[in-house]
Amino acid sequence: MKTAMIHCHMHGRSEDVIIYEDQYITHVGHESDLHDEIESSDEIIDVKGMYVSPGFVDSHMHLLELGFYLSNVQLDGCTSVASLQEACRNGLSSVEEGDWLLGRGYNEDRFTDGGKPDKKALDEISTTVPIAVTRACGHVMTVNSKVLEIAGISEDFEMEGGRVIFATGRVEENAINLIHGLQKEADVPKLQSYILKGQEYVNACGITTVGSDDFISVTHDYRGPLDAFEKLSYQGKLTVRVNEQCEFADDQAFASFLDDGYTFDVGNDFFRIGPLKLILDGSLGARTAAMNHSYCDDSSTRGTMCMEKEDMERDVMLANRFNMPTIAHCIGDRAADEWLEVLERNICPGNPLHHGIVHCQILRPDQIRKIIDLNLSCYYQSIFVDYDASVVEQRVGHELAESSYPFHTLYEGTLCSNGSDAPVEMPDVMKGIECAVTRQSLSFPQKKMNPKECLSVEEAIATYTVNGAKQLFMDDRIGLIKEGYYADLAVLDQDPYETDPKQIHNIQVMMTVSDGRLVYTR
Ligand SMILES: [Zn+2]
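Criteria and cut-off values
Residues numbered from 1 in each chain as written. Predicted model: local features only at pLDDT ≥ 70, side-chain atom pairs only at ≥ 80, totals over all residues. Heavy atoms only, no water. Helix = DSSP H or I, 4+ residues; strand = E, 2+ residues; numbered from the N terminus. Expected span 1.5 Å × (residues − 1). Contact = heavy atoms within 4.5 Å. Donors = N, O, S within 2.8 Å, 3.2 Å for Na, K, Ca; no water. Buried < 20%, exposed > 50% of the residue type's maximum accessible area, 1.4 Å probe, protein only. Phe/Tyr/Trp six-rings, centres within 6.5 Å; stacked < 30°, edge-to-face > 60°. Lys NZ or Arg CZ within 6 Å of the ring centre and 35° of its normal. Core = buried A, V, L, I, M, F, W, Y, C linked by side-chain atoms within 4.5 Å. Pairing = 2+ DSSP bridges. Axes fitted to C-alpha atoms, helices over the stretch in contact; angles between N-to-C directions.

Colleague: I'd like a description of helix α3 (residues 81-92), backed by residues and values.
Modeller: Along its 12 residues, α3 runs 16 Å from first to last C-alpha, staying within 8% of the 16 Å computed at 1.5 Å per residue. Looking at the buried side of α3, the elements it contacts are β7 (73-74), β8 (101-106), α4 (119-123) and β9 (131-135).

Here it is in structure tokens:
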């Protein structure tokens, strides 16, 4: 199958035709030179002067969990406890016998009643159906009495890196996995349906490649998601290239994964094993990100470390033996200190394996310098500016806020990619580009972050295309519109370089091509 995409507009280029045959781009040139190629094409797509970009790379998200989120009660629009209750009540009718009512996406900082969900509010919905609602960040959950009863919890409960508060039903960090473990494990067909749902959503955002962390986001055991992804890829059903960021419930699971012959780069260009993923701390929003000093707006806490340094070190050493890079979720400066110490001792000069740091949020200048000196791969989410700009200063103080989310300094100094952490934020690439360029919140327009760290439009697009490809070691086949590369393309209704930066979020994705297949049209 040969396709000619004509009347293309590409940034800084005069070529206006892209020809692709099956999955590969065969020609990029001028209409006047490519007459025969266009004539002999099976299909001509006239994009009428619209902007054509390489398909976007979202370098860190949870594709399976995004699909799961889209299949459950969505709470991101809730503005009060009452509206959260109403959304849950509406969802109650579709809960089957023996299942739980699950919701995700609320953020009490967006509530106008000053409240937050607790056990009592959820018990008012039902005391017979187990109910669990998860905050947008994924690091805090609230459950009803029924869940606590199933869990056998009748007083405050603490475990390594997590806890449950009995009176309010609040569940934090590692204890969330414990609660997830009580639910019926989704089977492979169910997991596949979630993946396909997530995939459809990301394709509509112009995304054709993701770094995705899925092994224990919905299930307890990594084998279900692994099986689901492998089957979909063999069946040719994936339309987004998935690089799995492998997170495990414990060391034994990681060891048996390696025993089975899995390691970095095993797979194909639609489902491929990526780095080992560790979670070191919580989130800024929930004040569970691990800080060196207590929170400015809550002196009783300085967040939670979810892992001991010795355990991090052991995991990195094991991964190293299998040539597997390790990336770690680090939000607070204490988590970053510990992670930098571990990496400094355990990586080769120049960091050829692309070990990295996911989120890169609260950082001091000396930590930023060390990240650059070690040449660490940075996976940031500029879209977090939208909400975090409204809380960062009150959480960590002015001085630390100024050096945090250092998009530009990191961009200049080391390899940086961009993503959404979906379903924490929805994977809206245009919104992400705008937040990188303006560092101004869309939801709280008066809230801004240090403008010295703005990216240019060109740099922001690079973080979503070629840099993501480099980080994944795929820059010889994705991230550019070039002969011999995969035909992964996103067609936009406006040129982001010609758009007022504060209007970039209004740019629409009109068409997405993945592997030479048209997978989305608006
Ligand atoms: Zn994540």
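Colleague: Tell me about the coordination of the zinc ion, and name the residues and values.
Modeller: Protein ligation of the zinc ion involves His60 (NE2), His62 (NE2) and Asp421 (OD), the donor distances falling in the range 2.1 Å. Here the donor residues for the zinc ion map to a single chain with the spacing H-x1-H-x358-D. Here the residue histidine 60 occupies a position in strand β6 (residues 56-61), and aspartate 421 occupies one in the loop between β20 (416-418) and α17 (429-438), the gap between them amounting to 361 residues. Residue classification places aspartate 421 among the buried residues on the basis of a relative accessible area of 6%.

Colleague: Break down the packing of aromatic side chains for me, with residues and values.
Modeller: Scanning the model with the defined rule gives 16 aromatic pairs in all. Ring geometry for tyrosine 51 against tyrosine 497: centres 6.4 Å apart, planes inclined by 45°, an arrangement best described as tilted. Within this pair, whereas tyrosine 51 is found in strand β5 (residues 51-54), its partner tyrosine 497 is found in the loop between β21 (489-492) and β22 (509-514), the two being separated by 446 residues in sequence. What links up through ring pairs into an aromatic cluster is the set Phe215, Tyr222, Phe248, Phe254, Phe257 and Tyr262. In this structure, arginine 241 packs its charged tip against the face of tyrosine 486, placed 3.7 Å from the ring centre. Across the ring face of phenylalanine 407, the terminal group of arginine 439 is positioned such that the distance to the ring centre comes to 4.9 Å.

Colleague: Can you tell me about the nonpolar core, naming the residues and giving the values?
Modeller: If you look at the biggest cluster of nonpolar residues, it comprises 123 residues, and the most contacted ones within it are Phe248, Phe257, Leu280, Leu284, Met324, Trp339 and Ile433. Aside from chain neighbours lying at most four places away, what touches leucine 284 is Ala289, Tyr295, Ile331, Gln361, Ile362, Asp388, Val391, Val392, Arg395, Val396 and Tyr405. Cys78, Ala87, Tyr106 and Phe111 belong to the second largest nonpolar core, which has 19 residues in total.

Colleague: Residue-level account of the sheet that holds β21, with values.
Modeller: The sheet built from 4 strands is open, its strands ordered β5-β21-β22-β23 with antiparallel pairing. One side of each edge strand has no neighbouring strand; the edge strands of this open sheet are β5 and β23 (517-521). In this sheet, neighbouring strand axes are inclined to one another by 20° on average, regardless of whether the strands run parallel or antiparallel. Of the pairings in the sheet, the one linking β5 to β21 comprises 4 bridges and is antiparallel in character. Within the sheet, the bridge partner assigned to proline 54 lies in β21 and is leucine 489.

Colleague: Help me get a handle on the pairing of strand β15 (residues 241-246), residues and values and all.
Modeller: Counting buried positions over the 6 residues of β15 gives 6, a clear majority of the element. Burial of the side chains of β15 extends over both faces: Arg241, Asn243 and Gln245 are buried on one face and Val242, Glu244 and Cys246 on the other. Across 4 bridges, the pairing between β15 and strand β16 (residues 271-279) is parallel. Across the sheet, the residue bridging to valine 242 is phenylalanine 271, located in β16.

Colleague: A description of helix α8 (residues 223-234) should follow, citing residues and the corresponding values.
Modeller: End to end, α8 covers 16 Å across 12 residues, agreeing with the expected 16 Å (1.5 Å per residue, within 8%). Those residues of α8 not exposed but buried are Gly224, Pro225, Leu226, Ala228, Phe229, Glu230, Leu232 and Ser233. Tucked inside the fold, the buried residues of α8 contact α2 (63-71), α7 (188-203), β15, α9 (251-259) and β16. At the exit of α8 stands glycine 236, carrying a positive phi of roughly 70°.

Colleague: Go over the sheet that holds β20, please, and point to the residues and values.
Modeller: Working definition: the strands of a sheet are paired by backbone hydrogen bonds and lie parallel or antiparallel to each other. Strand order across the open sheet formed by 8 strands is β6-β14-β15-β16-β17-β18-β19-β20, with parallel pairing between neighbours. Strands with a single pairing partner mark the edges of an open sheet, and in this sheet they are β6 and β20. Neighbouring strand axes in the sheet, compared pairwise and without regard to direction, differ in orientation by 25° on average. Two strands pair when backbone bridges link them, and strand β19 (residues 377-380) and β20 are joined in this way by 3 bridges, in the parallel orientation. In the strand pairing of β20, cysteine 378 is matched with cysteine 416.

Structural measurements only, silent on function.
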